[in-house]
Amino acid sequence: MSGVKDINELLSSMQPELIDESFVFCTVTGQLAQYSELEPIATFVEPEGLTLVLTKDNADEAGLNYEGVFRQITLTVHSSLQAVGLTAAVSTKLTSKGISANVIAAYYHDHIFVSNDKAEQALLALKELSNI
């Protein structure tokens, strides 16, 4: 099944869901295999290092440094990787509320990481957006 591309359908059916866990972004050196036991939910290789997105608890247990604690909001609509405008609409809505967003698009869903202290406010804002 291919994902939804139409922006109006995406917005009306995105059904944002706030995940209970707290997450952090860490940067480390070395190969991903060295960190697999930490069970990162996302990774990205950059020239400066390997970024891990993992639970705060796992980062703390491993003694990893991080800046900020985030909550994950998953847009449960199956969005196409070729859809145009979803990230812009979400970012614009959150910007209007003074909330920064770190967006990760996976195969089925988009995931927005927002500051822990603004997670409930962000969820409400996204629910407002989906009622458009």
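These figures come from a predicted structure and were not determined experimentally. Here the residue numbers are simple positions, counted from 1 along each chain's written sequence. Restriction of local features to residues with pLDDT of at least 70 applies here, the model being predicted, together with a cutoff of 80 or more for giving and counting side-chain atom pairs; totals for whole chains, interfaces and linings are based on all residues. Side-chain metrics in this entry use all non-hydrogen atoms of the structure; hydrogen atoms and water are not considered.

Engineer: Which residues make up the overall build of the protein chain, and what values do they have?
Structural biologist: On a plain count of helices and strands, the protein chain comes out with 4 helices and 6 strands. Mapped in sequence order, the helices and strands of the protein chain form the string α-β-β-β-α-β-α-β-β-α. Over its C-alpha trace the protein chain gives a radius of gyration of 15 Å, about what one expects of a compact globule, namely 14 Å for 132 residues. Seen through its principal axes, the protein chain has C-alpha atoms that stretch 45 × 35 × 25 Å. Residue burial in the protein chain is summarised as follows: out of 132 residues, 40% are buried. Any pair of residues with heavy atoms lying within 4.5 Å of one another is described as a contacting pair. Long-range pairs, those at least 24 residues apart, make up 72% of the contacts in the protein chain with a sequence separation of at least 6. Per-residue and other accessible areas follow the Shrake-Rupley method at a 1.4 Å probe size, with only the shown protein chains counted as cover for residues. When the accessible surface of the protein chain is totalled, it reaches about 7600 Å², and 50% of it is carbon and sulfur. Of the side chains in the protein chain, 7 bear a positive and 17 a negative charge, and the two mean positions are spaced by 11 Å. Working definition: helices are DSSP H or I runs of at least four residues, strands are E runs of at least two. Numbering for both runs from the N terminus. Radius of gyration: C-alpha atoms only; globule rule: 2.2 Å multiplied by the number of residues to the exponent 0.38. Each residue is placed in one exposure class: buried if its accessible area under a 1.4 Å probe, protein chains only, is under 20% of its type's maximum, exposed if it is over 50%, and partly exposed if it falls in between. Charge counting treats Lys and Arg as positive and Asp and Glu as negative, with His and both chain ends excluded. The atom standing in for a charge is NZ when the residue is Lys, CZ when it is Arg, CG when it is Asp and CD when it is Glu.

Engineer: Account for the confidence of the model for the protein chain, naming residues and giving values.
Structural biologist: Note that predicted coordinates carrying low pLDDT should not be read in detail. The pLDDT score gives, residue by residue, the confidence of the prediction method on a 0 to 100 scale. When the pLDDT values of the protein chain are averaged, the result is 92; 98% of them are 70 or greater. The element-level mean pLDDT for the protein chain is lowest in helix α1 (residues 7–13), coming to 80, with helix α2 (residues 56–62) highest at 98.

Engineer: Residues and numbers for the packing of aromatic side chains, please.
Structural biologist: Two rings belonging to Phe, Tyr or Trp (six-membered ring only in the last case) form a pair when the distance between their centres is within 6.5 Å. Interplanar angles under 30 degrees mark stacking, angles over 60 mark edge-to-face geometry, and anything in between is tilted. Following the criterion strictly, the structure yields 4 aromatic pairs and no others. Through a chain of ring-to-ring contacts, three or more aromatic side chains come together here, namely F23, F25, F70 and F113.

Engineer: Tell me about the nonpolar core, and please be specific about residues and values.
Structural biologist: Side chains of a nonpolar character, in soluble globular proteins, are inclined to be buried together. Residues M14, V90, L94, V114 and L126 are the most contacted members of the largest nonpolar core, which totals 21 residues. Looking at this core, the elements that each hand over two or more residues are α1, β4 (70–75), α3 (86–96), β6 (110–115) and α4 (119–130). It is α4 that provides the largest number of residues to this core, a total of 6 residues. To define a nonpolar core, start from buried Ala, Val, Leu, Ile, Met, Phe, Trp, Tyr and Cys residues and group those joined through side-chain atoms within 4.5 Å. Counting 10 residues, the second largest nonpolar core, distinct from the first, contains V24, L50, L52 and A59.

Engineer: Please provide a residue-by-residue account of the packing of α3 against α4, values included.
Structural biologist: The description of two helices packed together rests on the angle between their axes and the distance between the axes. Note on method: axes are straight lines fitted to C-alpha atoms, helices fitted across the in-contact stretch only, with angles between N-to-C directions ranging 0 to 180 degrees. Contact geometry of α3 with α4 gives a least axis separation of 10 Å together with a crossing angle of 125°. Between α3 and α4, the interaxial angle falls into the category oblique. Between α3 and α4 lies a crossing whose hand is right-handed. From α3, A89, V90, K93 and L94 reach across to α4, where they touch A122, A125, L126, E128 and L129. Angle categories are assigned with fixed cut-offs, so that under 35 degrees is roughly parallel, over 145 is roughly antiparallel, 65 to 115 is roughly perpendicular, and the rest are oblique. Throughout, a crossing is termed right-handed when the near helix is turned clockwise from the far one, and left-handed when it is turned anticlockwise from it by less than a right angle.

Engineer: Account for the pattern of salt bridges, with residues named and values stated.
Structural biologist: Side chains that differ in sign of charge can pair as their charged atoms come close. Salt bridges are identified by distance alone: a Lys or Arg side-chain nitrogen within 4 Å of an Asp or Glu carboxyl oxygen. Counted by the stated rule, this structure contains 3 salt bridges. Between E128 and K93 there is a salt bridge; the shortest N-O distance is 2.9 Å. Note that E128 is positioned in helix α4 and K93 in helix α3, a separation of 35 residues in sequence. For E128, a relative accessible area of 39% gives the class partly exposed. Note that E128 is salt-bridged to K97, the shortest N-O span being 3.6 Å. Of the two residues, E128 sits in helix α4 while K97 sits in the loop between α3 and β5 (102–105), which places them 31 residues apart along the sequence. For K97, a relative accessible area of 33% gives the class partly exposed. Within the structure, one salt-bridge network assembled from shared partners comprises K93, K97 and E128.

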